[in-house]
Amino acid sequence: MTLDRHAKVGVVGAGAMGSGIAQLAASHGHPVVLHDVSAAALEKGTTTIAKNLSRLVEKGRITAEDSDTIRTRITLNGGDESDSTSLDAFRTCGIIIEAVVEDASIKRDLFAHLDSIVGKDAILATNTSSLSVTSIARASSRPQRVLGVHFFNPPTVMPLVEIVPGVSTSESVVKSARSLVDAWGKTTVLASDTPGFIVNRIARPFYGEAIRIYEEGIADFATIDWAMRDLGGFKMGPFELMDFIGNDVNFAVTRSVFEAMYFDQRYKPSVTQQRLFEAGFFGRKSGRGYYNYSSGTEMPEPTRDKALGQQIVDRILAMLINEAADAVLFRVASAADIDIAMMKGVNYPKGLLAWADEIGISTVIGRLDSLYAEYREDRYRTSAMLRRMSAEGKSFIG
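## So, the pattern of salt bridges
Part 1: On inspection of all chains with the given rule, the structure shows 25 salt bridges.
Part 2: For the salt bridge of Glu209 with Arg315, the shortest nitrogen-to-oxygen distance reads 2.7 Å. With Glu209 in helix 8 (residues 204-215) and Arg315 in helix 13 (residues 306-329), this residue pair connects regions lying 106 residues apart in the sequence. With respect to class, Glu209 is no different from Arg315; both count as buried.
Part 3: The shortest N-O distance in the salt bridge between Glu323 and Arg266 comes to 3.6 Å. With a gap of 57 residues between them, Glu323 in helix 13 and Arg266 in the loop between helix 11 (247-260) and helix 12 (271-279) connect regions that are remote in the sequence.

Spelled out as structure tokens, the structure:
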């Protein structure tokens, strides 16, 4: 299966992800069909696209004429905005990317419906962030044409896209979809169809271990965020990042990975985050999360103790590196793709495996072994890959 550089692109779901993907495809010359069962979502999505393009015009990155051209390439529900049930408009699309709610049964129903409409050579792609691509593909009579194409929010800005073949996905489909997304100016990495793929699997300790440090009373939210930003070099601390992403979204991914990994304790969700979720404290979008964003409320000051801060950074970083090493061990992705994914997908200051090489793999092992000796929890088990690399005197990168 090959895709023409001007192939029609279908996008199902006009939320933040779907509308962003539609704008991206249209900006690279593709006619786009944007569909949503909700008229309100469709209207909001197109309004967002218009605002994004206007902003680009203001910044001088595109002309007003370019903006108009891009907008005219996008048709809503196949030109009939009132028809929110029919998927017939996707009949002539070369690739359809779904960006609907993160629910496996809904995605399977959608793919089964699309399968009966689209051409036999059309590619069906899911933008799922953590669900099984293989499970979704089973709904298609041609599972070989289904794969994961996971964008990061916002798709027009974030450079990374994870390409995820299912068990039955053909190599030609992977090559064709990857070439298309590469042509859109994105950095693609190849991930195996495992829970969380690369980024959402490896990033779990950034949040989980930070919460654990808070729950133990070692430091408060502001101090942990300060340490990871100012000493660790991360653009955002874990708590401000969870508030930015949305605690509802972050908690849902954590639970999904935990369950999909057969309740491996390394991915165990925290009661602290669950209580915030239950209270509706989702972060910035709800006005309160780990921090209070109400008007007039001052953000708490961190305790700027460098010794304490470095302990925090060392502990969280060791857990992240351990997860990255395990991802290499279990062939989730190559070491190079893992480092690219973490830098491009979540803006880490360095690739975790290159960071391990820099710190010294034996040093990382020492930190993990100390945590395990103190807590005796499987959460802190050291990856066999780290021990293997250390014993053989090898480095991950270069």
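## What to know about the sheet that holds strand 5 (residues 123-126)
In a beta sheet, neighbouring strands pair by backbone hydrogen bonds and run either parallel or antiparallel.
Part 1: Pairing is mixed across the open sheet formed by 8 strands, whose spatial order is 3-2-1-4-5-6-7-8. Strand pairing shows two members of the sheet lacking a second neighbour, strand 3 (74-76) and strand 8 (187-190), which therefore form its edges. The mean angle between the axes of side-by-side strands here comes to 25 degrees, regardless of whether they run parallel or antiparallel.
Part 2: Direction of pairing for strand 6 (residues 146-151) relative to strand 7 (residues 160-165): antiparallel, over a ladder of 5 bridges. Paired with Leu147 across the strands is Pro165, a residue of strand 7.
Part 3: Packing of helix 1 (residues 16-27) onto the sheet brings it into contact with strand 1 (9-12), strand 2 (32-35), strand 3, strand 4 (95-98) and strand 6, and relative to strand 2 it is tilted by some 170 degrees.

## Quick look at unusual backbone geometry
For residues that are not glycine, phi is negative in most cases, and the peptide bond is trans in most cases.
Part 1: In this chain, Asn153 is followed by Pro154 through a cis amide linkage whose omega measures 0 degrees.
Part 2: On the secondary structure map, Pro154 appears in the loop between strand 6 and strand 7.
Part 3: Phi angles above zero are rare outside glycine, and Asn347 is one such case at about 60 degrees.
Part 4: Relative to the helices and strands, Asn347 is located in the loop between helix 14 (335-346) and helix 15 (352-359).
Part 5: When its relative accessible area of 33% is taken as the criterion, Asn347 is described as partly exposed.

## Observations concerning the packing of aromatic side chains
Part 1: All chains considered together, the criterion is met by 15 aromatic pairs.
Part 2: Plain terms: the ring middles of Phe221 and Phe239 are 4.6 Å apart, the flat faces sit at 45 degrees to each other, and that makes the pair tilted. Highlighted residues: Phe221 in helix 9 (residues 221-231) and Phe239 in helix 10 (residues 238-245), separated in sequence by 18 residues. Across this residue pair, the class does not change: Phe221 and Phe239 are buried.
Part 3: When the ring of Phe251 is compared with that of Phe277, the centres are 5.4 Å apart and the planes differ by 45 degrees; the resulting orientation is tilted. Taken together, the residues span a long stretch of sequence, with Phe251 in helix 11 and Phe277 in helix 12 at a distance of 26 residues.
Part 4: Here Arg212 stacks its cationic end above the ring of Tyr375, 5.0 Å away from the centre of that ring.

Here is what the cut-offs are and how they apply
- Residues numbered from 1 in each chain as written.
- Predicted model: local features only at pLDDT ≥ 70, side-chain atom pairs only at ≥ 80, totals over all residues.
- Heavy atoms only, no water.
- Salt bridge = Lys/Arg side-chain N within 4 Å of Asp/Glu carboxyl O.
- Helix = DSSP H or I, 4+ residues; strand = E, 2+ residues; numbered from the N terminus.
- Buried < 20%, exposed > 50% of the residue type's maximum accessible area, 1.4 Å probe, protein only.
- Pairing = 2+ DSSP bridges.
- Axes fitted to C-alpha atoms, helices over the stretch in contact; angles between N-to-C directions.
- Contact = heavy atoms within 4.5 Å.
- Phe/Tyr/Trp six-rings, centres within 6.5 Å; stacked < 30°, edge-to-face > 60°.
- Lys NZ or Arg CZ within 6 Å of the ring centre and 35° of its normal.

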